[in-house]
Amino acid sequence: MAHWNYRVMLLDGEYGIHEVYYRDDGTPYAYTEEPCRPSGETPDELRSDLTYFLAALENPGLYAKDVLPSEPSV
């Protein structure tokens, strides 16, 4: 089953947190062009989103070349 998560990526010399999308076999195939920002419709939803952002810092960072051979597609 395809899925996504937040990951730290280095793009254009700047670190940011991006949504990264994975194939069924777990290999990344796409990411958001712009870094994401935490958000939510309630303070609790915002807190939850921030938790996912912090979890992204626990995983190894990715470079664009690790995800795509060319430009972002999402």
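Remember, it's a predicted structure, so these values are computed and weren't measured experimentally.

Some thoughts on unusual backbone geometry
Then comes step 1: A positive phi angle, close to 55°, is found at Asp12, a residue other than glycine.
Then comes step 2: Of the residues examined, Asp12 reaches a relative accessible area of 84% and is grouped as exposed.

So, the pattern of salt bridges
Where charged atoms from two side chains of opposite charge approach closely, those side chains can pair.
Then comes step 1: Taken as a whole and judged by the stated rule, the model has two salt bridges.
Then comes step 2: Here Asp44 ties to Arg47 by a salt bridge, and the two come within 2.9 Å at their closest N and O atoms. Note that Asp44 and Arg47 are positioned in helix α1 (residues 43-56) at a spacing of three residues, about one turn of the helix.
Then comes step 3: Relative accessible area serves as the criterion here: at 56%, Asp44 is assigned to the exposed category.
Then comes step 4: With a shortest N-O distance of 3.6 Å, Lys65 and Asp66 are connected by a salt bridge.

Concerning the sheet that holds strand β3 (residues 28-31)
Note: strands within a sheet are paired through backbone hydrogen bonds, in either parallel or antiparallel orientation.
Then comes step 1: Strand order in the open sheet formed by four strands is β3-β2-β1-β4, and the pairing between neighbours is mixed. The strands lining the two open edges of the sheet, one partner per strand, are β3 and β4 (62-63).
Then comes step 2: Pairing analysis gives nine bridges linking strand β1 (residues 3-11) to strand β2 (residues 14-22), with the strands arranged antiparallel. Counterpart to Leu11 in the pairing with β2 is Glu14.

Concerning the confidence of the model for the chain
Then comes step 1: On average, the chain scores 90 in pLDDT, and the residues at 70 or more come to 92%.
Then comes step 2: Within the chain, α1 carries the highest mean pLDDT (97), whereas helix α2 (residues 64-67) carries the lowest (85).

Definitions and cut-offs
- Residues numbered from 1 in each chain as written.
- Predicted model: local features only at pLDDT ≥ 70, side-chain atom pairs only at ≥ 80, totals over all residues.
- Heavy atoms only, no water.
- Buried < 20%, exposed > 50% of the residue type's maximum accessible area, 1.4 Å probe, protein only.
- Salt bridge = Lys/Arg side-chain N within 4 Å of Asp/Glu carboxyl O.
- Helix = DSSP H or I, 4+ residues; strand = E, 2+ residues; numbered from the N terminus.
- Pairing = 2+ DSSP bridges.
- pLDDT = per-residue confidence, 0-100.

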